[in-house]
Amino acid sequence: MQTALADFIRDTPEGREADAILRKCVHCGFCTATCPTYLLLGDENDGPRGRIYLMKQALEGQEITDKTRLHLDRCLTCRACETTCPSGVQYGRLLDIGRKLVEEKTARPAWERVKRRALAAVLPHRSLFALLLALGRVARPVLPASIAEKVPASTPEAGAWPAPRHARKMLALAGCVQPALAPDINAAAARVFDRIGISLIEAKGAGCCGALRFHIGYQEEGLADMRALIDRWWPMIERGGVEAIVMTASGCGVMVKEYAHLLRHDRAYAGKAEKISAMTRDLSEVIDAEYARLEPLPAKKGGRIAFHPPCTLQHGQDIKGLTERVLARAGFELTPVPDSHLCCGSAGTYSILQPELSGQLKRNKLSALASGAPEEILTANIGCLAHLQSGTERPVRHWIAALEERLN
Ligand code: SF4
Ligand code: SF4
């Protein structure tokens, strides 16, 4: 694609990056076939090719309108288009640049600004989110159904966290909303790792990975969250003998793996960010590599399950089939799930900011997951887990909790 970027951005790092990405796009349209919003709305501007064209126009200095912002807002950042594209167009990176520009050049209505500001203020703060969740539970009977369904009735018990006793150590991220919604996830991972011969530890005071604020229009605040997390982790990496950073939420995993890129121009943090991204692993990568240490498993078969691979795992981190392989080796019967490449509609704060589209995607996903009549649904990201659970009576859990149960 030929480009002529406007003077205000052409010679900036972002302008050069956007230009290189745009030039790779040959406008073939293969990506539209796997775009969830295009499949729902059938509008070229709600598909990747149309959005790329809108961002190109914005970067070339043409007027940026509320319509431009609307089509970018409707994008889930699922990156299904990226793993479909034969030309290697890094749509996600272009979207970060495009969204920042659109945010700067347009004015959102006041109510939208308040909503986004509130989400950016509350969600990354663990204790504030836990407090609001507790209040939400009390008020659940009187809340409108659309809000009440987002408040889970109970929180699973975490169980004991094994004391560190192994020479091998890995670092886990507690995250921001996960400890309040599902404290059993990291605790189960720590117990499984303990069996393998690895002590899983968390850094005190480590907060949000930065994804939440970065993706809703507060990129600088998101970058500040990233730096703060690096500061918490760094002493444990430098002196603590930690061999890897393990992500139990694929949404955080994809973000931390991108620290190297996002902080590459920050002299104080570029080196640390590069090291941290390089040593970050999704939970499935570690368990798959160490699987032999978990055997032999009980002879009894595991349950019948449907696995939902989050977009941040299969598209963002390009990890496909690994968790499914672990679960199959552990004796679970995996039911077939049609269109497993499509997003469930959770997508960070998307379910709050775009409730209609998100709701439709959730219903479609739950019907695909239920088509093989599984006993339960397993996934790998807290956002997808909570989102899917809000629409079904069938249990939805993190796969590590199911694996641990099977080991016991
Ligand atoms: S598949 Fe890739 S090259 Fe083709 S239109 Fe989509 S982004 Fe462009
Ligand atoms: S990131 Fe997802 S929703 Fe956005 S354009 Fe790509 S496929 Fe469509």
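Just so it is clear, the model here is predicted, and its values are computed rather than measured. Counting restarts for each chain, with residues numbered from 1 along the sequence as it is written. Each chain takes a letter, starting from A, and each ligand takes a number, starting from 1, following the order in which they are written. Restriction of local features to residues with pLDDT of at least 70 applies here, the model being predicted, together with a cutoff of 80 or more for giving and counting side-chain atom pairs; totals for whole chains, interfaces and linings are based on all residues. Only hydrogens and water are set aside; all other atoms, that is, all heavy atoms of the structure, feed into the side-chain values.

Participant: Talk me through the sheet that holds strand 1 (residues 168-172); I want residue IDs and the actual numbers.
Facilitator: Note on pairing: DSSP must find at least two bridges between two strands before they are called paired. Strands are runs of DSSP state E lasting at least 2 residues, helices are runs of H or I lasting at least 4, and numbering of each runs from the N terminus. Ordered in space as 2-1-3-4, the four strands form an open sheet in which the pairing is parallel. At either end of the open sheet lies a strand with only one pairing partner, and these are strand 2 (198-202) and strand 4 (280-282). Neighbouring strand axes in the sheet, compared pairwise and without regard to direction, differ in orientation by 35° on average. As paired strands, strand 1 and strand 2 are joined by five bridges and run parallel to one another. Its bridge partner being in strand 2, Leu171 is matched across the sheet by Ile201. Axis definition: a line fit to C-alpha positions, over the contact stretch in the case of helices; interaxial angles, taken between N-to-C directions, run 0 to 180 degrees.

Participant: A description of the site of ligand 1 should follow, citing residues and the corresponding values.
Facilitator: A molecule or strand has a residue near it when one of that residue's heavy atoms lies within 4 Å. What surrounds ligand 1 is a group of 13 residues, the closest being Cys25, Cys28, Gly29, Cys31 and Cys85. Looking at the shell around ligand 1 residue by residue, the class counts come to nine nonpolar, three polar and one charged. For this scheme, ten residues count as nonpolar: Ala, Val, Leu, Ile, Met, Phe, Trp, Tyr, Cys and Pro. Four count as charged, namely Asp, Glu, Lys and Arg, and the remainder, Gly too, count as polar.

Participant: Tell me about the site of ligand 2, and please be specific about residues and values.
Facilitator: Within the structure, ligand 2 sits among 13 residues, and Cys35, Arg51, Cys75, Cys78 and Cys81 are positioned closest to it. Of all the elements in the fold, those that place two or more residues in the shell around ligand 2 are helix 3 (36-41), helix 4 (48-59) and helix 6 (80-84). Each residue belonging to the shell around ligand 2 can be placed in one class, and the counts come to nine nonpolar, two polar and two charged.

Participant: I'd like a rundown of the sheet that holds strand 7 (residues 376-379), residues and numbers included.
Facilitator: In spatial order, the strands read 6-5-7-8; together these four strands make up an open sheet with parallel pairing. Edge positions in the open sheet fall to strand 6 (333-334) and strand 8 (396-398), since each of these has one partner strand only. One ladder, built from three bridges, connects strand 7 with strand 8; its direction is parallel. Along strand 8, the bridge assignment pairs Ile377 with Val396. Sheet strands touched by helix 20 (residues 322-329): strand 5 (304-308), strand 6 and strand 7. Its angle to strand 5, the strand with the most contacts, is close to 165°. The strands touched by helix 22 (residues 355-370) within the sheet are strand 5 and strand 7, with strand 5 carrying the most contacts at an inclination of about 145°. Only heavy atoms matter for contacts: two residues are in contact if any of them lie within 4.5 Å across the pair.

Participant: Talk me through the pattern of salt bridges; I want residue IDs and the actual numbers.
Facilitator: The salt bridge definition used is simple: a Lys or Arg side-chain nitrogen within 4 Å of an Asp or Glu carboxyl oxygen. Taken as a whole and judged by the stated rule, the model has 35 salt bridges. Of the charged contacts, one joins Arg93 and Glu17 as a salt bridge, the two residues approaching to 2.8 Å between their closest N and O atoms. You can see Arg93 sitting in helix 7 (residues 91-105) and its partner Glu17 sitting in helix 2 (residues 13-24), a full 76 residues away along the chain. One exposure class covers both Arg93 and Glu17, and it is buried. Relative accessibility thresholds used throughout: buried, under 20% of the residue-type maximum; exposed, over 50%; partly exposed, between the two (1.4 Å probe, protein chains only).

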